[in-house]
Amino acid sequence: MDFVVNGERRSVDTDPERLLLFVLRNELDLTGAKYGCGEGQCGACTVLIDSKPVRSCQLSIGAVAGKEITTIEGLSDGDRLHPVQQAFIDSDAMQCGYCTSGMILSSVALLRTNPAASDADIKKVLQGNICRCGTYRRIIAAVRTQAKKGGGHPHA
Amino acid sequence: MPELLSASRRDFLKSLGGGMLVLVTLEQESLAQESGRSHRRPASNPPPQDVAAWLHIDQNGAVTAFTGKVEVGQNIRTSLPQAIADELHVQPGSIRLVMGDTALTPWDMGTFGSRTTPTMAPQLRAAAAAMREQLLTIAAKKWSVDRASLTLADGYVLQPASGRKAGYGEFASAADWTKVLCANSEITPPSERQYSGRSLSKLNARELVSGRHQFTSDMKRPGMLYGRVLRPPSFGAQLLSADTTAAAAIPNVTVVHESDFIGVAAPNEFIADKSLDAIKAQWREKSQIYAKDLFSYLKANPENGETGEHDTTAALPDTHAAKNLQSTYAVAYIAHVPLEPRAAVAEWQGSRLTVWTGTQVPFGVRSELAEAFQLTEENVRVIVPDTGAAYGGKHTGECAIEAARLAKAAGRPVKLVWTRQEEFTWAYFRPAGVIEVRSGVANDGTLTSWDFHNYNSGSSGLESPYRCPSSRARFHPTKYPLRQGSYRGLAATANHFARESHIDELALAVGMDPLAFRLKNLQNDRVRAVLEAAAGRFGWDKSKPTPTRGYGLSCGMEKGSYFACCAEISVTPNRQIRVDRVVEAFECGAIVNPRQLENQVEGAIIMGLGGALFEAIDFANGRILNPRLGKYPVPRFSDLPAVEVVLLDRRDLPSAGAGETPIMGIAPAIANGLFQATGVRVRSMPIQPAFQSGV
Ligand code: FES
Ligand code: FES
């Protein structure tokens, strides 16, 4: 199975029925995408495929052959964080941090298509992501700071 | 206990590479040891069981603190270094904090009950203060200068007059030094603290936003296998027979079948699932109760037969009441739903076992493991990576034991991550409960009697902040149908729901405004202060209800902190309740980190909103009927009200914990607001389904 992960061509020899989430985590050691429910309900497993947010717990690896996948590990530019990552820090938009990768990737995808997203847009797009610690207001605030700046820079 | 901890202080210091070490003991008597008064133990070698925390500076000036507490999202990885930094004059981010590792950190009861801030922080603060004093003493001696001419800043000792400057490491290496003290040494007063009292982002925030932090479920050990455990179809089902041959025939799969435990360990999660599916088992199930019978069951089944129950029906003396009320409240079972389910990685080396697991009680889990495998505690090490939340739901070690069983049989490290369904089914719940309240009130709104009985849900938060001449509040343990345990706020949420709902009922019975009624009867000034603050910010006076919009409030106290909550709710034509706005005032003594405290309070309100409005475990005959997020909704972005948090900072008071208490106000505030709008008094949590069905 061949695909591109975080800009690198990767090849994994495994059962095509395996779920993308677990191939990323267990075969490629990209553990930023988390297991939270396995039923598409929580968004902790969110990754970007061809720039669109998907639930990696709902996709078999066979279905993503040849695609371009971005995980949270691929979002920063070396040590330089993506502006949305930095905004999450500046707004204290986390407690335990388990939902954070999924929240950030979903937000990055939103800002890419809608760089001046309103609070209502943010809530709508993130509706499928659960933060059990209840940091929703802060997550909106973090994304809003980037929407005000027109979506952050586009390198990812 | 590993060698490290059983070593003498000298040896221990040597194992840390020399430098300076301060051990903080649990007992007050320890000071007596230091001052030479008689004590049952020699002061030179306190047994490690008595040590609560320690702090070390190595020869390069690196500061490391060790505590058995763990980080589960409540932010102590940041707030504890703030306390140390205040005293020791180093940057909080430069302090290494070793947490929850039974081989490296002192014994600790566990991270629960909002105890870290009021107990661990002062202990580490005291250790840092002692370290600071010693640094000054050594520096003055080494430089042959007056101690009072020296200052400390950012890890350096300075003599401003001469411009002389040297890092702490220089003095730490000068003389290996250890000290034992108890937590009441001289500390910096709150007003002079450099870091505590200020907002600081999480020290490990970069790890979290970049996906680099390794939760237990993210770990990988060399040669590690992936585990799954076969679960019975219902609680208490007995395994009659099992055919594991097909699973065992799958290459590289280990099947474990020991009495009624069946599990598999496989090279990856996919093969583990397949192997588990290949096992055929027969079970004998037993018939059990249904959710609809829960509350009558609790009332009918006292824990110890009928003992002592008669006194709950005897009326309290109340000669002044103009009105008497009697109401019954109920609270459903709910689940914690930490986004990271229980997870453990177990690794054996001969008869020594190491388990990484997300638990609030690392030393308790070590004992559970030692018992399960007949090991001494010295041979078991439990390490707790910062965990994807717990909320009181991760006190126990079942996942750790299962992983260790599988690893033992497979002869390789094994990771076991519970599925969401397992987490919903095989963990434990916040106890359900029934609460009966009888009360009396005089025509002028004075509370005259208060008789409060909680069945099963628990005793915390029973204490009322209201003055009442004839008052009784009791907890009655009962038998219960589902496994139950700790939860953020414990029973204080249920008890506040009943009390604050009932207080509103009393206010309305005598035609008084709920705020005025509370202010008239409150005897606790800290509760009064938060209530006035919340009502003021909310604009309580100007809030005029309509048939579809209502305003409710509540207040209370628990674990040394104080809250008041005002909620504005609206009701849609199809009887959906929406919480539009919440103002919560909160006071927990001197504030350590305002923005992170606000974060905790907001988070508690949001989590509390789920239990208040719609969360409930449904069960029947030993099965959980809604063990998935698709069937057990938790609050999402669409449920988010406008939230305002008003923090009252009491610099004159010690800091109390804040992870739990702010969850308690939202449910009664919603119920009271709902009544104000609709005239329907809902006396059970969750409120939405009861309101919808008109109960
Ligand atoms: S794990 Fe994929 S949506 Fe929850
Ligand atoms: S920060 Fe814990 S789930 Fe969002």
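If you're wondering where the values come from, they're calculated on a predicted model, not measured in any experiment.

Novice: Can you explain the pairing of strand E15 (residues 343-349) of chain B? Please cite residues and give values.
Specialist: Residue and element names in this part refer to chain B. Burial analysis of E15 places 6 of its 7 residues in the buried class, the great majority of the element. One ladder, built from 4 bridges, connects E15 with strand E18 (residues 414-417); its direction is antiparallel. Within E18, the position partnered with valine 345 by the bridge is lysine 415. The pairing of E15 with strand E16 (residues 352-357) spans 6 bridges and is classified as antiparallel. From the neighbouring strand, valine 345 faces E16, where its bridge partner is tryptophan 356.

Novice: Please give an account of the pairing of strand E20 (residues 447-455) of chain B that cites residues and values.
Specialist: All names here are of chain B. With 9 of 9 residues buried, E20 is to be regarded as a mostly interior element. Of the strand pairs in this sheet, strand E19 (residues 433-441) and E20 are connected by 8 bridges, and their pairing is antiparallel. Among the inter-strand pairings, isoleucine 435 is bridged to a residue of E20, identified as asparagine 454. Where E19 folds back onto E20 in an antiparallel hairpin, the turn is made up of 5 residues, including glycine 445, whose phi is positive at roughly 90°. The sheet contact formed by E20 and strand E21 (residues 470-476) spans 7 bridges and is parallel. Bridge pairing in E21 places asparagine 454 opposite phenylalanine 475.

Novice: For the sheet that holds strand E2 (residues 8-11) of chain A, give the residues involved together with the corresponding values.
Specialist: Residue and element names in this part refer to chain A. With mixed pairing, the 5 strands of this open sheet are ordered in space as E2-E1-E5-E3-E4. Only two strands of the sheet have a single neighbouring strand rather than two, namely E2 and strand E4 (52-55). Direction aside, neighbouring strands of the sheet carry axes that sit 40° apart on average. Relative to strand E5 (residues 68-70), strand E3 (residues 46-49) runs antiparallel, the two being bridged by 2 bridges. Counted as the bridge partner of leucine 48 is threonine 70 from E5. Taken strand by strand, helix H3 (residues 100-113) contacts E3, E4 and E5, and its axis lies near 35° from that of E3.

Novice: Give a description of the sheet that holds strand E27 (residues 642-648) of chain B that names residues and reports values.
Specialist: Residue and element names in this part refer to chain B. Judged by pairing direction, the sheet is mixed, and its 4 strands sit side by side in the order E22-E23-E24-E27 without closing on themselves. The sheet terminates laterally at strand E22 (549-558) and E27, the two strands that pair on one side only. Between one strand axis and the next, the sheet turns by 15° as a mean value, whatever way the strands run. The strands touched by helix H14 (residues 492-509) are E22 and strand E23 (561-571); relative to E22, the strand with the most contacts, the crossing angle is about 125°.

Novice: Mind laying out the layout of surface pockets, listing which residues take part and the relevant values?
Specialist: Counted as a void, the largest pocket has a volume near 920 Å³. In terms of lining, the largest pocket is formed by 40 residues, of which the most central are Tyr35 of chain A together with Arg228, Thr419, Arg420 and Glu422 of chain B. Broken down by element, the lining of the largest pocket gets its largest block of residues, 5 residues, from helix H13 (residues 420-426) of chain B. Class assignment for the residues of the lining of the largest pocket results in 18 nonpolar, 9 polar and 13 charged. When residues of the lining of the largest pocket are assigned to domains, at least three fall in each of domain 2 (217-285 + 342-417) and domain 3 (301-334 + 429-692) of chain B. Roughly 480 Å³ of volume is contained in the second largest pocket. Lining of the second largest pocket is provided by 24 residues; of these, Arg231, Pro232, Asp260, Glu402 and Trp426 of chain B occupy positions nearest its centre. The greatest single-element share of the lining of the second largest pocket, amounting to 4 residues, is contributed by helix H12 (residues 398-410) of chain B. Both of domain 2 (217-285 + 342-417) and domain 3 (301-334 + 429-692) of chain B provide at least three residues apiece to the lining of the second largest pocket.

Novice: Outline empty space enclosed by the protein, listing residues and values.
Specialist: Residue and element names in this part refer to chain B. Under the criterion given, the structure shown has 9 cavities of 30 Å³ or more. Empty space within the largest cavity amounts to approximately 600 Å³. Around the largest cavity, the lining comprises 36 residues; the ones closest to its centre are Gln74, Ser114, Gln600, Ala658 and Gly659. For the lining of the largest cavity, the elements supplying multiple residues, two or more each, are helix H4 (76-88), helix H5 (116-143) and helix H17 (594-613). Here the element with the most residues in the lining of the largest cavity is H17; it accounts for 3 residues. Tallied by class, the residues present in the lining of the largest cavity amount to 13 nonpolar, 20 polar and 3 charged.

Novice: How would you explain the environment of lysine 148 of chain A if you had to name every residue and give the values?
Specialist: By secondary structure assignment, the location of lysine 148 of chain A is in helix H5 (residues 136-148). When its relative accessible area of 69% is taken as the criterion, lysine 148 of chain A is described as exposed.

Novice: So, the nonpolar core: which residues are in play, and what are the values?
Specialist: Formed by 176 residues in total, the largest nonpolar core has its most connected members in Phe88 of chain A together with Leu353, Leu369 and Ile617 of chain B. When residues of this core are assigned to their parent elements, the largest contribution, 9 residues, is made by H17 of chain B. Each of domain 2 (217-285 + 342-417) and domain 3 (301-334 + 429-692) of chain B accounts for three or more of the residues forming this core. In this view, leucine 369 of chain B contacts Leu353, Val355, Val380, Val382, Ala400, Ile401 and Ala404 of chain B; residues no more than four positions away in its chain are not counted. Listed in part, the 42 residues of the second largest apolar core include Leu55, Ile95, Met120 and Val157 of chain B.

Novice: Before we move on, can you summarise the packing of aromatic side chains with the specific residues and values?
Specialist: Residue and element names in this part refer to chain B. Under the counting rule described, the total for this entry stands at 15 aromatic pairs over all chains. Directly above the aromatic system of phenylalanine 261 lies the positively charged group of arginine 405, at a separation of 4.4 Å from the ring centroid. Positioned above the aromatic ring of tryptophan 348 is the side chain of lysine 408, whose terminal nitrogen or guanidinium carbon lies 5.2 Å from the ring centre.

Novice: Report on the interface of chain A and chain B, specifying residues and quantitative values.
Specialist: If you look at the interface, chain A gives 51 residues, while chain B gives 56 residues. Roughly 4,700 Å² of surface becomes buried between chain A and chain B when both sides are summed, with 52% attributable to carbon and sulfur atoms. At the boundary of chain A with chain B, the tally comes to 11 salt bridges. Close ionic contact of glutamate 598 of chain B with arginine 137 of chain A constitutes a salt bridge, the shortest N to O distance being 3.8 Å. Taken together, the connections running from chain A to chain B amount to 35 residue pairs in polar contact (both at pLDDT 80 or more). The set of elements that each furnish at least two residues to the side of chain A that touches chain B consists of helix H1 (20-27), helix H2 (83-90), H3, helix H4 (119-126) and H5 of chain A. Taken together, the residues of the side of chain A that touches chain B break down into 21 nonpolar, 14 polar and 16 charged.

Novice: Tell me about unusual backbone geometry, residues and numbers included.
Specialist: A cis amide bond, omega 0°, links methionine 685 of chain B with the succeeding residue proline 686 of chain B. Positionally, proline 686 of chain B belongs in the loop between strand E28 (684-685) and helix H19 (687-692). With a phi close to 55°, aspartate 29 of chain A is a non-glycine residue in the positive phi region. Note on placement: aspartate 29 of chain A falls in the loop between H1 and E3. By relative accessible area, aspartate 29 of chain A is classed as partly exposed at 47%. At alanine 389 of chain B, a residue that is not glycine, the phi angle is positive and equals roughly 75°.

Novice: Which residues make up the domain arrangement of chain B, and what are the values?
Specialist: Residues and elements named next belong to chain B. When the domains of chain B are assigned, the result is domain 1 (7-204), domain 2 (217-285 + 342-417) and domain 3 (301-334 + 429-692). Taking only C-alpha atoms into account, the centre of domain 1 sits 38 Å from that of domain 2. Both sides together, the interface formed by domain 1 and domain 2 hides about 1,400 Å², and carbon and sulfur atoms give 55% of it. The three residues of domain 1 that bury the most area against domain 2 are Val70, Val72 and Thr102, which together make up 40% of that side's buried surface. Taken together, the connections running from domain 1 to domain 2 amount to 2 salt bridges. In this structure, aspartate 101 engages arginine 381 in a salt bridge whose closest nitrogen and oxygen atoms are separated by 2.7 Å. Taken together, the connections running from domain 1 to domain 2 amount to 7 residue pairs in polar contact (both at pLDDT 80 or more).

Scoring rules and cut-offs
- Within every chain, residues take consecutive numbers counted from 1 along the sequence as written.
- Chain A is the first chain written and ligand 1 is the first ligand written, with later ones labelled in order.
- Thresholds applied to this predicted model are a pLDDT of at least 70 for local features of residues and 80 or more for the giving and counting of side-chain atom pairs; totals over whole chains, interfaces and linings are not thresholded and use all residues.
- Based on all heavy atoms of the structure, the side-chain values leave hydrogens and waters out of the count.
- Each residue is placed in one exposure class: buried if its accessible area under a 1.4 Å probe, protein chains only, is under 20% of its type's maximum, exposed if it is over 50%, and partly exposed if it falls in between.
- Only DSSP runs of H or I covering at least 4 residues are called helices, and only runs of E covering at least 2 are called strands; the numbering of each starts at the N terminus.
- Whether two strands pair depends on DSSP finding at least two bridges between them.
- Here an axis means a line fitted to C-alpha atoms, over the contact stretch when the element is a helix, while the angle between two N-to-C directions is reported on a 0 to 180 degree scale.
- Contacts: residue pairs with any heavy atoms within 4.5 Å of one another.
- Definitions used for this entry: grid spacing 1 Å over protein atoms alone; cavity, a set of points where a 1.4 Å probe fits but cannot get out; pocket, an open set with protein on both sides within 12 Å along at least 5 of 7 lines; lining residue, one with an atom within 4 Å of a point.
- Grid points are joined across faces, edges and corners, and a volume is the space filled by probe spheres set on the points.
- All residues other than Ala, Val, Leu, Ile, Met, Phe, Trp, Tyr, Cys, Pro, Asp, Glu, Lys and Arg, Gly among them, are scored as polar; the first ten of these are nonpolar and the last four charged.
- Boundaries between domains were set according to an automatic or database domain assignment.
- What makes a nonpolar core is a set of buried Ala, Val, Leu, Ile, Met, Phe, Trp, Tyr and Cys residues whose side-chain atoms join them at distances within 4.5 Å.
- Stacked, edge-to-face and tilted are the three classes for Phe, Tyr and Trp ring pairs, Trp counted by its six-membered ring, which pair at centre distances within 6.5 Å; planes under 30 degrees apart are stacked, over 60 edge-to-face, the rest tilted.
- Remark: a charge is flagged as sitting over a ring if the NZ atom of Lys or the CZ atom of Arg is within 6 Å of the ring centre and within 35 degrees of the ring normal.
- Summed over both partners, the accessible area lost on bringing two parts together, with a 1.4 Å probe, is the buried area.
- Here, a salt bridge means any Lys or Arg side-chain nitrogen found within 4 Å of an Asp or Glu carboxyl oxygen.
- Counting of polar contacts relies on pairs of N or O atoms within 3.5 Å, with two restrictions inside protein: one atom must be capable of donating a hydrogen and the other of accepting it, and residues adjacent in sequence are counted only when both atoms are side-chain atoms.

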